[in-house]
Amino acid sequence: LANQYENHPAAAQAWYLLATYYNVKANEYKPYGDSAERFTRIKAKEICEKVLKQKVQSEGWVNCYNLLNSITQVRFSFNIEKVNIPVQPFRALVNYYNMSTIYFRIIHPTETLKKEIENKSGDEYWKLITAAIPLRSWEQLLPDTKELQEHKAEIKVDGLPAGEYMLVAANDKDFKDKNTIVGARGFYVSNISYVNSGEDHFVLNRDNGKPLAKASVQVWEQRYDYKAYKNTLEKGKLYQTDEHGLFKKEKIKDDNNRYRNESYKLEVSYNGEKLFINDFLND
């Protein structure tokens, strides 16, 4: 039908269905496997562009318009390790589609900023994040394959001193355009690490795994505030690790003299450095 009535408005829906078929087939492309469908999405794009040249806005025309917008949109996501070693460069893994440059900023989330964004979402949240003065900013070119497929790339991030940071990325240099896509990931830079098995907790050097003796460990316990109707953090017991980097966290009993399961965080200090990850552990 599409070929027999090529330029007729009624055939636009047939063209749309054909474009949809190619768009779905393109998902079969495997960068390190079957690459037969690598350029198939380009066919879908060309069909939609051809239909949109028609003057009559039929159902097929509208469907092609929406499909083309989906095909040509820009999108990306990225991930980094939760904690990285001080001074040493580390990597961010970027998934990207239909873009050739990504822009990065590193900001320091001050206590003021963290409090401001705590209950914010949407535009209010991103305005606060993008308004923060960056410690560092740069742009990174991405391999532009021009075949409308999603790809991955590892990006080098230069080393940082110990501390808490946020990596912010966008597809626009100024981070301000209303159509700009922005993403952010919080992370830490520290020589400190810890592992636990039950009440046994070991504090270790993140780089070489050696125990950190005489490290100070403040436990913060999660409690539910029935008056405020929300969870709060309460300061628990303070520990110090032994020569093996070990401390044993005491189990707490409830009013019925039973050990209670609780969620808690660890604030570890060692040799002038502090690591306080915003992740809960559980008894």
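Before reading on, note that the structure itself is shown above.
Structural notes on the nonpolar core
- In terms of nonpolar packing, the biggest core is built from 21 residues, with I102, L167 and F187 touching the most fellow members.
- Listed by contribution, the elements that provide at least two residues to this core are β1 (75–80), β3 (90–97), β4 (101–107), β6 (151–157), β7 (163–170) and β8 (182–189).
- Examining the composition of this core, we find that four residues originate from one element, β3, more than from any other.
- With sequence-adjacent residues up to four places away left out, L167 is seen in contact with F78, I80, A92, F104, R105, I106, W138, G183, A184, R185 and F187.
- Of all hydrophobic cores here, the second largest spans 17 residues; its members include L212, A215, V219 and I277.

A closer look at the pattern of salt bridges
- Using the criterion set out here, one finds 17 salt bridges in the structure.
- One salt bridge connects D158 with K156, and the closest N-O pair in it is separated by 3.6 Å.
- A relative accessible area of 54% means that K156 is categorised as exposed.
- Ionic pairing is found between E262 and K249, a salt bridge with its closest N-O pair at 2.8 Å.

Quick look at the sheet that holds β1
- Taken in spatial order, the three strands line up as β1-β3-β6 in an open sheet, and their pairing is antiparallel. Two strands close off the open sheet at either side, each with one partner strand: β1 and β6. Ignoring strand direction, the axes of neighbouring strands in this sheet form an average angle of 25°.

A word on the side chain of N23
- By the secondary structure assignment, N23 is in helix α1 (residues 12–25).
- Excluding its chain neighbours within four sequence positions, the residues that come into contact with N23 are R41, A44, L67 and I71.

So, the packing of aromatic side chains
- Applying the stated criterion across every chain, the model contains nine aromatic pairs.
- Pairing F78 with F104 gives two aromatic rings, centres 6.2 Å apart and planes at 85°, and the pair type is edge-to-face. With a gap of 26 residues between them, F78 in strand β1 and F104 in strand β4 connect regions that are remote in the sequence. Taken as a pair, F78 and F104 share a single burial class, namely buried.
- For the pair Y239 and F247, a centre-to-centre distance of 4.9 Å together with 35° between the ring planes defines the contact as tilted.
- Take Y239: its relative accessible area is 11%, and that puts it in the buried class.
- Put simply, the rings of F78, F104 and W138 pair up and form one aromatic cluster.
- Sitting over the ring of Y97, R75 keeps its end group 3.9 Å from the ring centre.

A look at the packing of α1 against helix α2 (residues 40–51)
- It is at 7 Å that the axes of α1 and α2 come closest, and there the two elements cross at 160°. As summarised for this structure, α1 and α2 are arranged roughly antiparallel, according to the angle between their axes. Crossing handedness for the pair α1 and α2: left-handed. Here A12, W15, L18, A19, Y22, N23 and K25 of α1 lie close against α2, whose contacting residues are T40, R41, K43, A44, I47, C48, K50 and V51.

Some words on the environment of F90
- Tracing the chain through its elements places F90 in strand β3.
- The buried category is assigned to F90, whose relative accessible area is 8%.
- Those residues in contact with F90, other than ones at most four positions away along the chain, are N84, I155, K156, V157, D158, L160 and F187.

A word on the packing of α2 against helix α3 (residues 59–72)
- Remark: α2 packs on α3, axes separated minimally by 9 Å, with the N-to-C direction vectors making an angle of 140°. The angle between α2 and α3 places the two elements in the oblique class. Once α2 is placed against α3, the crossing between them reads as left-handed. Counting all contacts with α2, which are made through R41, A44, K45, C48, E49 and V51, the residues of α3 involved are G60, W61, C64, L67, L68, I71 and T72.
- Residues belonging to the contact of α2 with α3 are distributed by class as follows: eight nonpolar, two polar and three charged.

Here is what the cut-offs are and how they apply
Residues numbered from 1 in each chain as written. Predicted model: local features only at pLDDT ≥ 70, side-chain atom pairs only at ≥ 80, totals over all residues. Heavy atoms only, no water. Core = buried A, V, L, I, M, F, W, Y, C linked by side-chain atoms within 4.5 Å. Buried < 20%, exposed > 50% of the residue type's maximum accessible area, 1.4 Å probe, protein only. Helix = DSSP H or I, 4+ residues; strand = E, 2+ residues; numbered from the N terminus. Contact = heavy atoms within 4.5 Å. Salt bridge = Lys/Arg side-chain N within 4 Å of Asp/Glu carboxyl O. Pairing = 2+ DSSP bridges. Axes fitted to C-alpha atoms, helices over the stretch in contact; angles between N-to-C directions. Phe/Tyr/Trp six-rings, centres within 6.5 Å; stacked < 30°, edge-to-face > 60°. Lys NZ or Arg CZ within 6 Å of the ring centre and 35° of its normal. Parallel < 35°, antiparallel > 145°, perpendicular 65-115°, else oblique. Left-handed = near helix turned anticlockwise from the far one by under 90°. Nonpolar A, V, L, I, M, F, W, Y, C, P; charged D, E, K, R; others polar.

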